[in-house]
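Each chain is listed here by its residues.
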Amino acid sequence: MVAAKAATGEATSGEINSWSLHRTSVETTAGAEAAAAASVTRGNQAQDGGEPRGNGALQTKASRTPKMAAPCGKPQDGSSAPGSVPEGTIHLYSMKYCPFTCRTRVILEAKEIKYETVNINLLNKPNWFFEKNPLGLVPVLENCQSQLIDESPITCEFLDKSYPARRFLPTDPYQKAKQKMLLELFNKIPWGVSAFIRLCVAVHSAMDFEGKDKLEEEFQAQLNNFEQELAGPKTRFFGGDSVTMIDYMLWPWFTLLEPFSLSKFLELTPGLRSWMQAMQQDPAVKATATDSKAYLGFFQLYTQGNLEACDYSL
Ligand SMILES: N[C@@H](CCC(=O)N[C@@H](CS)C(=O)NCC(=O)O)C(=O)O
């Protein structure tokens, strides 16, 4: 029904603008363009009481129970920015499946901060989002003073300092430096951050390709390095015997092992395995967990450039 409506071209010119932005970064297909229109139509439908989706759909998170609501009056459509941030809350510009955003979300949850999620369709970004972050990347935080903070580790440190009731970054300068060094290591190593995702996909999807054995060896070696980080001090978590910032910074990538069927690589790293089990018990981790099936559903659409991807299972 939605696609049929989209095919009739009922989108407004503002909505079409945001498609043009999309065209600069992602190759579209006719199917994907129809999907773009579908997402726009759904945004309009949301204003009439349907479920708000990406491109500015506001999701209020006032407690641990997720709840869809429109704190600024009504859900936003693809072309208009959400209203100003009410006092006592904070906006998180997000994409459900983004591991960087997961870092920020898990800290918001762990600190029980009241926040509102603004879902951004990263394959069909609204113009106004570039005013929040000229790079067009999520996560971005916006507080009620209209201060904008991006880059996931910076958003997390900002939250840690602004809401100090429960601190996750060590106050001891050396311990803090150690956490930052470990994060840098993670960012730099071949499987760090987005390379990690590419590697997951390569190992998962290609049955056989040149260099696969070497890739798997490298992957295992890097996991072993992180195993040593735990084995050396014999602690349960990377920063000691309770969860700290570095655990939350690394966690989102480890959650990808299951959807990409890479958990077998943990057979040789018992420390990492028990770290993962301990992390899975953490209430903030539980509150932000994404179902493996949903992740793969999103990923399949995303890699096809399907503009519905970021809305998958929202
Ligand atoms: N270094 C940034 C990376 C953020 C990032 O790459 N986010 C991705 C989503 S997972 C994004 O916004 N991509 C949109 C794009 O590349 O256009 C951080 O740590 O926050």
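Residues numbered from 1 in each chain as written. Predicted model: local features only at pLDDT ≥ 70, side-chain atom pairs only at ≥ 80, totals over all residues.

Draft legend 1. How the structure looks around the overall build of the protein. Each helix and strand counted, the protein has 13 helices and five strands in total. The 314 residues of the protein split such that 38% are buried. For the protein, the share of sequence-separated contacts (at least 6 apart) that also reach a separation of at least 24 residues comes to 69%. (Helix = DSSP H or I, 4+ residues; strand = E, 2+ residues; numbered from the N terminus. Buried ≥ 20, exposed ≤ 12 C-beta atoms within 10 Å, placed from the backbone. Contact = placed C-beta atoms within 7 Å.)

Draft legend 2. Representation of the environment of threonine 255. Along the chain, threonine 255 falls in the loop between helix H10 (245–254) and helix H11 (270–280). Here threonine 255 falls in the partly exposed class, since 19 other C-beta atoms lie within 10 Å of it.

Draft legend 3. Just unusual backbone geometry, in detail. Backbone torsion omega between valine 138 and proline 139 reads 5 degrees, so that peptide bond is classified as cis. Relative to the assigned elements, proline 139 resides in the loop between helix H5 (129–132) and strand S4 (140–143). Its identity as a non-glycine residue notwithstanding, glutamate 112 has a phi of 55 degrees, on the positive side. Mapped onto the elements of the fold, glutamate 112 is located in the loop between helix H4 (99–110) and strand S3 (115–119). Under the C-beta neighbour-count criterion, glutamate 112 is labelled partly exposed, with 15 such atoms within 10 Å. In this model, glutamate 151 sits at a positive phi of 75 degrees, which is unusual for a non-glycine residue. Relative to the helices and strands, glutamate 151 resides in the loop between strand S5 (148–150) and helix H6 (152–162). You can call glutamate 151 partly exposed: it has 16 C-beta atoms within 10 Å.

Draft legend 4. Summary view of the site of the ligand. Lining the immediate surroundings of the ligand are eleven residues, of which Cys98, Phe100, Leu137, Val138 and Ser152 lie closest. Tallied by class, residues from the shell around the ligand come to seven nonpolar, three polar and one charged. (Near = placed C-beta within 6 Å. Nonpolar A, V, L, I, M, F, W, Y, C, P; charged D, E, K, R; others polar.)

Draft legend 5. How the structure looks around the pairing of S4. In the sheet, strand S2 (residues 90–94) pairs with S4 via four bridges, with the strands oriented antiparallel. Bridged to isoleucine 90 within S4 is asparagine 143. Direction of pairing for S4 relative to S5: antiparallel, over a ladder of three bridges. Each residue of the ladder has a partner; that of valine 140, found in S5, is aspartate 150. With antiparallel pairing between neighbouring strands as the criterion, S4 and S5 make up a hairpin whose turn holds four residues, including serine 146 at a positive phi of roughly 60 degrees. (Pairing = 2+ DSSP bridges.)

Draft legend 6. Spotlight on H6. Listed in full, the buried residues belonging to H6 are Ser152, Thr155, Cys156 and Leu159. One face of H6 carries all of its buried residues, which in axial projection span an arc of 95 degrees. Buried residues belonging to H6 abut H4, S4, S5 and H10. (Arc of directions from axis to C-beta.)

Draft legend 7. Broad picture of the nonpolar core. Ranked by size, the top nonpolar core spans 49 residues in total, and within it Leu92, Tyr93, Val106, Ile107, Ile120, Val138 and Tyr248 carry the most contacts. No other element matches the seven residues that H10 contributes to this core. (Core = buried A, V, L, I, M, F, W, Y, C linked by C-beta atoms within 7 Å.)

Draft legend 8. Inspection of the confidence of the model for the protein at higher detail. Per-residue confidence for the protein gives a mean pLDDT of 76, with 69% of residues at or over 70. Low pLDDT (under 50) marks residues 1–52, which in the prediction has 85 contacts with non-local residues, meaning those over four places away or in another chain. Low confidence marks residues 60–78, where pLDDT is under 50. Its contacts with residues over four positions away, or in another chain, come to 44 contacts. (pLDDT = per-residue confidence, 0-100.)

Draft legend 9. Summary view of the packing of H4 against H10. Two elements in contact, H4 and H10, have axes whose closest approach is 8 Å; the angle formed by their N-to-C orientations is 135 degrees. As summarised for this structure, H4 and H10 are arranged oblique, according to the angle between their axes. As for how H4 packs across H10, the hand of that crossing is right-handed. When H4 is examined against H10, the residues Pro99, Cys102, Arg103, Val106 and Ile107 are found in contact with a partner set consisting of Tyr248, Met249, Trp251, Pro252 and Trp253. (Axes fitted to C-alpha atoms, helices over the stretch in contact; angles between N-to-C directions. Parallel < 35°, antiparallel > 145°, perpendicular 65-115°, else oblique. Left-handed = near helix turned anticlockwise from the far one by under 90°.)

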